Amino acid sequence: MLSSLRSRTLRGLSRAFRPSAFLRATTMRMSTIAPKPKADPEKCEVTGEIGNDGDFKQHFRMSKQEHPLKVKKAWQNPMQNHVWSKAEIEERMNDLPTHTPETLTDKAMHFLVKTVLYRTFNLITGFDRTNPTAKSCEWRLIILESVAGVPGMVAAGMRHFRSLRTLRRDYGWIHTLLEEAENERMHLLVCLKMFDAGPLTRLAVVASQYTMVGFLGLTYLLHPKALHRFVGYLEETASQTYFDLVTAVNTPGTNLNRDWAHLKAPQIAIDYWRMDKDSMWSDVLMNLFADETNHRDVNHTFATMKNDDPNPYVHKHLEDAAKAWQMTSKQQSTGPSTYTKVPSKAAAAKPSVS
């Protein structure tokens, strides 16, 4: 009897200390927050990659096996971004317009972004506009870009499902919103080549994403214009932030001038914006700034349009593709190029808004 009681007690204790399904799931989720080891280029048989630092080799898993579709393991971003000229960037640096809220929705979004989120974010990160420290900027940029990539994807997804649900065309909005989301994701990847994201930063990114996806999705479902106005104001603050960073880096005696002025541009940024090979990190910041000003203008424009109005930026995407193709062709005609040539038909095609 005593032995039977003892065995039952031991079995009960073993069950009590056995990890529950919730605990195991939580552990697995937290394991994804930990930094992943970088790919070893020597273990990857990848050809035709862009750049010289192995960035794009890491697009594929570390394996010596050939691709199942018999294609080369080479990657180039298929979504063409705008390639900024120095004149365009300087023009935008000289003018930082802001939208004056008119409707009740505008005022609510303006207060939420400019008063609540912006000031709270500055307080948490310890960001000082006049002379920010490098550490405060690193954490700020990673969080900022991880959040900035959410609205475009949420809005594009909502419009995609709406088009399927109503059996109607979208009139080109989805393309611009997806390009915005991809552009912000590339901003994040560029920043991650310069700064390390610790466990707390990764946890903050996960928490921010879970919060923002629900909030933005509900907002777009109920009032699409409110979301675009929200993003417009958010991009105003992002533009101001990058303007302040560029100014600080180029001002002798500041913290960022001491810590960032000597930094070279990562190869992923040089390839993405078609920058000169000897570009600096400050040049990357200016391209980041220009992109954010474009998102600011696009979303403020969308906030004034009806849901079924044709997207006025479709022609701009075709012009960007044509410009990229011309740059690629010129590069290939003058010497070896690391870019893959874009078919001329894609650049010359007439816009078909869907």
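Residues numbered from 1 in each chain as written. Predicted model: local features only at pLDDT ≥ 70, side-chain atom pairs only at ≥ 80, totals over all residues. Heavy atoms only, no water.

Okay, the confidence of the model for the chain next. Averaged over every residue, the pLDDT of the chain is 81; the share at 70 or more is 73%. Summarising per-element confidence for the chain, the mean pLDDT is lowest in helix α13 (residues 344-348) (37) and highest in helix α11 (residues 281-302) (97). For residues 36-57, every residue scores under 50 in pLDDT, and the model assigns this stretch 38 contacts once sequence neighbours within four places are set aside. Scored below 50 in pLDDT, residues 336-354 makes 42 contacts in the model with residues more than four places away or belonging to other chains. (pLDDT = per-residue confidence, 0-100. Helix = DSSP H or I, 4+ residues; strand = E, 2+ residues; numbered from the N terminus. Contact = heavy atoms within 4.5 Å.)

Turning our eyes to something else, we now look at helix α4 (residues 104-125). For an α-helix, 3.6 residues make a turn, and residues three or four places apart therefore share a direction. The end-to-end C-alpha distance of α4, which contains 22 residues, comes to 30 Å, matching closely the 32 Å that a straight helix rising 1.5 Å per residue would cover. For α4, the principal kink sits at Leu 117 and spans about 25°. The complete set of buried residues in α4 reads Asp 106, Met 109, Val 113, Tyr 118, Phe 121, Asn 122 and Thr 125. Those residues of α4 that are buried lie in contact with α5 (134-166) and α8 (224-249). (Expected span 1.5 Å × (residues − 1). Bend = angle between axes of the 7 residues up to and from the residue. Buried < 20%, exposed > 50% of the residue type's maximum accessible area, 1.4 Å probe, protein only.)

Mapped onto the fold, Ser 85 is located in the loop between α2 (21-31) and α3 (86-93). Counting along the chain gives 205 residues from Ser 85 to Ala 290, while the straight-line C-alpha distance between them is 10.0 Å.

Below, the discussion takes up the packing of α8 against α11. Contact geometry for α8 and α11: axes closest at 8 Å, N-to-C directions at 160°. Viewed along their axes, α8 and α11 adopt a mutual orientation that is roughly antiparallel. Crossing angle aside, the handedness with which α8 passes α11 is left-handed. Residues of the contact of α8 with α11, tallied by class, amount to 13 nonpolar, eight polar and five charged. (Axes fitted to C-alpha atoms, helices over the stretch in contact; angles between N-to-C directions. Parallel < 35°, antiparallel > 145°, perpendicular 65-115°, else oblique. Left-handed = near helix turned anticlockwise from the far one by under 90°. Nonpolar A, V, L, I, M, F, W, Y, C, P; charged D, E, K, R; others polar.)

Moving on, we get to a nonpolar patch on the surface. On the surface, Phe 111, Val 116 and Leu 117 cluster together to form a nonpolar patch covering roughly 250 Å² of accessible area. Secondary-structure assignment places Val 116 in helix α4. Exposure remark for Val 116: the relative accessible area of 32% places this residue in the partly exposed category. (Patch = residues over 30% accessible without salt bridge, like charges linked within 9 Å, V, L, I, M, F, W, Y side chains within 5 Å. Areas by Shrake-Rupley, 256 points an atom, 1.4 Å probe, with all protein chains shown as cover. Salt bridge = Lys/Arg side-chain N within 4 Å of Asp/Glu carboxyl O.)

Judged by nonpolar contacts, the single largest core of 36 residues is most densely connected at Tyr 242, Leu 245, Leu 256, Trp 260, Trp 273, Val 284 and Leu 285. Beyond its immediate stretch of four places on either side in the chain, Tyr 242 contacts Leu 141, Leu 144, Glu 145, Leu 285, Leu 288, Phe 289 and Glu 292. (Core = buried A, V, L, I, M, F, W, Y, C linked by side-chain atoms within 4.5 Å.)

Note on aromatic pairs: each is described by the distance of the centres and the angle between the planes. Considering all chains together, one arrives at nine aromatic pairs under this definition. Pairing Phe 195 with Trp 260 gives two aromatic rings, centres 5.5 Å apart and planes at 25°, and the pair type is stacked. With Phe 195 in the loop between α6 (173-194) and α7 (199-222) and Trp 260 in helix α9 (residues 255-260), this pair connects stretches of sequence that are 65 residues apart. Given the relative accessible area of 3%, Phe 195 is considered buried. For the ring pair Phe 195 and Trp 281, a centre distance of 5.7 Å and an interplane angle of 85° mean the geometry is edge-to-face. A residue pair is termed long-range when its members are at least 10 positions apart, and Phe 195 in the loop between α6 and α7 and Trp 281 in helix α11 qualify at 86 residues. Here the two residues Phe 195 and Trp 281 agree in accessibility, since each one is buried. Three or more aromatic residues joined by ring pairs make a cluster, and in this case those are Trp 173, Phe 302 and Tyr 313. A cation over an aromatic ring shows up here: Arg 140 above the ring of Phe 127, its NZ or CZ 4.1 Å from the ring centre. (Phe/Tyr/Trp six-rings, centres within 6.5 Å; stacked < 30°, edge-to-face > 60°. Lys NZ or Arg CZ within 6 Å of the ring centre and 35° of its normal.)

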